[in-house]
Amino acid sequence: MRINFPNYVETIKLPSVKALYPLFEAISNSIDSIEESKVKDGRIVVVLERQKQGLLEKEDVEENKELLPIENLIIEDNGVGFKEANFGAFSELNTVWKKNKGGKGIGRVIWLKTFHHAEIESVYLDGIIGKEFRKFNFVCKEDAIENITNGIADPGVEVKTRVRLVGCKKEYQDSMPRKRNVIAQEIIIHFLPYFMVSNMPTIILREKDLDDIDLWQEFESYITEKGQGETFNIGNQGFNITHTKTKYHSIRNKEHRVFYVANGRVVETRSISSDKIANLPSKLQIEDEEYIYVGYVESPYLDEHVNQSRFTFDFPETTEGEELFKQIDWQSIEGKVDASIGNYLVNFLEQTKNDKEEKIKQFINEKAPNYSYIYNQHKDLIDKIPLKSIERGNIGQELTKIHTSLRATLAEEAEKIINISDSEIASSDEYKEEMKTLLERLDPTGKADLAEYIIHRKIVLRLFEKALKIKDDGKFVKEDVIHNYIFPIKKSTDEITYKQHNLWVLDERLAYNTYIASDKPFSSIFGFENISDEEKKKRPDIYAYSFLTVEPDNTKSPFRSLDLFEFKRPMRDDYTSDDNPYNQVKDYLQIIRQGNATTKDKRSFSVINGGLIYCHVVCDFTNKLRDLLNHDEFNQVGNEDWYVHYHQTYHAFIEVKSFEYVLETATKSNQILFDELGLN
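Please read these numbers as outputs of a predicted model, since none were measured by experiment.

Draft legend 1. The packing of helix H2 (residues 21-37) against helix H8 (residues 180-190), seen in detail. Where H2 contacts H8, the two axes come as close as 11 Å, and the packing angle between them is 55°. One finds that H2 runs oblique with respect to H8. Seen from above, H2 lies across H8 with right-handed handedness. Across from Tyr21, Leu23, Phe24 and Ile27 in H2, the residues of H8 making contact are Ile183, Glu186, Ile187 and His190. Residue classes in the contact of H2 with H8 are distributed as six nonpolar, one polar and one charged.

What follows is the structure in structure tokens.
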């Protein structure tokens, strides 16, 4: 049976992010070759050849050179070389030559997946003749090996095999690291088990006109200790994990990682964080140095289940729910690995946990006392707050999530207890006890919600106070700014909830209303379709009707009151007898009383026939405004900036208050709540 070799190469799946795998395969072959030769001073040299791009390539500066992509890779070793038996195994696709080492027989084929071709030269020792040489090219053709030459080598020639991978394909070239230190680190990581047990020959990374990089020296600076091992079992399969720490680097080495190894080579790398291991810090602080965790996992199970291309394993992420096909999966392996890492790093995790709790406690004490019950009663939930959220300053959001979840859970439980039927109640004492327990659990969440709302009120009043002050340019803010603090402009209660407005600043009755519209023309308010076009253009600042009223009402309408609000710019003093807040309010009243208004569902709006209309004007008092109010028969309430007037014709109660008076009364009415929370 013939094999279409180019098509065979094409069918191999190698992600572009695995662009260095051909290099790893070549280094692995060199390690095996040196091991087979039993030479004591085994040596591997990796040479980088970059793409030539004009002047940039000629620059001596290392940083400039490393901007150029890798074109070719050379891997040299002083191992056994391409003797007849080795060459025969190389020439056989899917050879079992290295089966006892986990070899799949296709490692060299990956060279042609990533590079155009390979050039091989080998000088080796023959037991009878002495030194011989063999040269050939490895290409992606039906006859994959071409230009073969071999013969007797000069006795003075060094025993050496040289593999040159030529012409990196663009798809992989773009993904291949360009910086030498990154390539060096990737080699160390991939062959970490070899380094850890000192089975790695001397290995040098070389580039023309630049200093060599000794990977053993890099490894020594990279790893803090040779590792601490632990074994665990999943079913009847044994696994070994080796824990160690490496120096942190903001670019090259910044994540905790676990390497999964098959036959001594890293196959998959998986990051770990506080999402998997609670309270795992992003960096491990040891005296004045910063480190990250590195572990590698080995097992006969991993050796058996590495895929043919050796860049992943052929078992699933999870087999949960598949009892008939239950097997060891990533979920079960990582669960054991995470537990082992937790034991190894227990001192770091405990310290981080304590630091995290202290930060949360400080945040609650200083900024969110309403959530103190979470810290005191739900330490298990505090412990689950992701460390990343703490590091990013998102403590408040995390506490809010916990509070919301607790509130929802308790609400469900309350619903069940409240709606339990009489037949299901075993005894009144038992039911009372359940109710008592529920109320005790509901109490702190309710207090937290109340405290949060009180804090919100304090902030709103503080902003209101600041808005009344003169700006840097000597002018006062426009009424729109203050209006927005009270109720979002051009919005209605069809669009926002009661929590999104602050009408309580003006009147606590307005915390809940049937309908509120802000700065909307009458033409957009349901029930005013029949008024004139000119009247439709007019817009009260806030228009509200509700079920609530301070006046007894004998009408049969479901709506008992209506409120209008008008804001004026602070310190405005250009009112006239025609243009003033009172006349503006009367215009609105006329429109409402004569508009045959209905609700948005077209029911009769009976407040117009008998319900009291409350009109509220908020402004700054000037001498001119006081004169106008006195002329229109307004009465001052005490010595306050508060004037009232009842309009008989429109059955309307009209009051005019200053901004300062509104702020003062709102603050006083809430002060006892602020005092209880210690808000000064």
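Additional details are given in the paragraphs that follow.
Draft legend 2. The arrangement of the side chain of Asn580 in detail. Mapped onto the elements of the fold, Asn580 is located in the loop between strand S17 (561-567) and helix H21 (581-594). There is a polar contact of 3.0 Å between the side chain of Asn580 and the backbone nitrogen of Tyr582. Residue contacts for Asn580: discarding those within four places in its chain leaves Tyr575 and Leu628.

Draft legend 3. Representation of the nonpolar core in the model. Grouped together as the largest cluster of nonpolar side chains are 64 residues, with contacts concentrated most on Ile27 and Phe138. For this core, the element with the highest residue contribution is H2, accounting for seven residues. In this structure Ile27 touches Ile44, Val46, Ile75, Ile187, Phe191, Met200 and Ile203, once residues within four positions along its chain are discounted. By size, the runner-up hydrophobic cluster in this structure holds 28 residues, among which are Ile272, Tyr291, Ile333 and Tyr344.

Draft legend 4. Structural view of the packing of H8 against helix H10 (residues 215-222). Remark: H8 packs on H10, axes separated minimally by 10 Å, with the N-to-C direction vectors making an angle of 75°. Looking at the two axes, H8 sits roughly perpendicular to H10. Residues Ala184, Gln185, Ile187, Ile188 and Ile189 of H8 pack against Leu215, Glu218, Phe219 and Tyr222 of H10. Taken together, the residues of the contact of H8 with H10 break down into seven nonpolar, one polar and one charged.

Draft legend 5. Representation of the pairing of strand S7 (residues 202-207). Two elements, strand S1 (residues 43-50) and S7, share six bridges in a ladder whose sense is parallel. When the sheet's bridge partners are listed, Val46 is paired in S7 with Leu205. Bridge count for S7 against strand S8 (residues 213-214) is two bridges, and the pairing is antiparallel. Looking at S8, one finds that Ile204 is bridged to Asp214.

Draft legend 6. Molecular detail of the pattern of salt bridges. Summed over all chains, the structure comprises 19 salt bridges. Linked through salt bridges whose partners overlap, the residues forming this network are Glu268, Arg270, Lys276, Glu317 and Glu334.

Rules used throughout
- Residues numbered from 1 in each chain as written.
- Predicted model: local features only at pLDDT ≥ 70, side-chain atom pairs only at ≥ 80, totals over all residues.
- Heavy atoms only, no water.
- Axes fitted to C-alpha atoms, helices over the stretch in contact; angles between N-to-C directions.
- Helix = DSSP H or I, 4+ residues; strand = E, 2+ residues; numbered from the N terminus.
- Parallel < 35°, antiparallel > 145°, perpendicular 65-115°, else oblique.
- Left-handed = near helix turned anticlockwise from the far one by under 90°.
- Contact = heavy atoms within 4.5 Å.
- Nonpolar A, V, L, I, M, F, W, Y, C, P; charged D, E, K, R; others polar.
- Polar contact = N/O pair within 3.5 Å; in protein donor to acceptor, adjacent residues only side chain to side chain.
- Core = buried A, V, L, I, M, F, W, Y, C linked by side-chain atoms within 4.5 Å.
- Buried < 20%, exposed > 50% of the residue type's maximum accessible area, 1.4 Å probe, protein only.
- Pairing = 2+ DSSP bridges.
- Salt bridge = Lys/Arg side-chain N within 4 Å of Asp/Glu carboxyl O.

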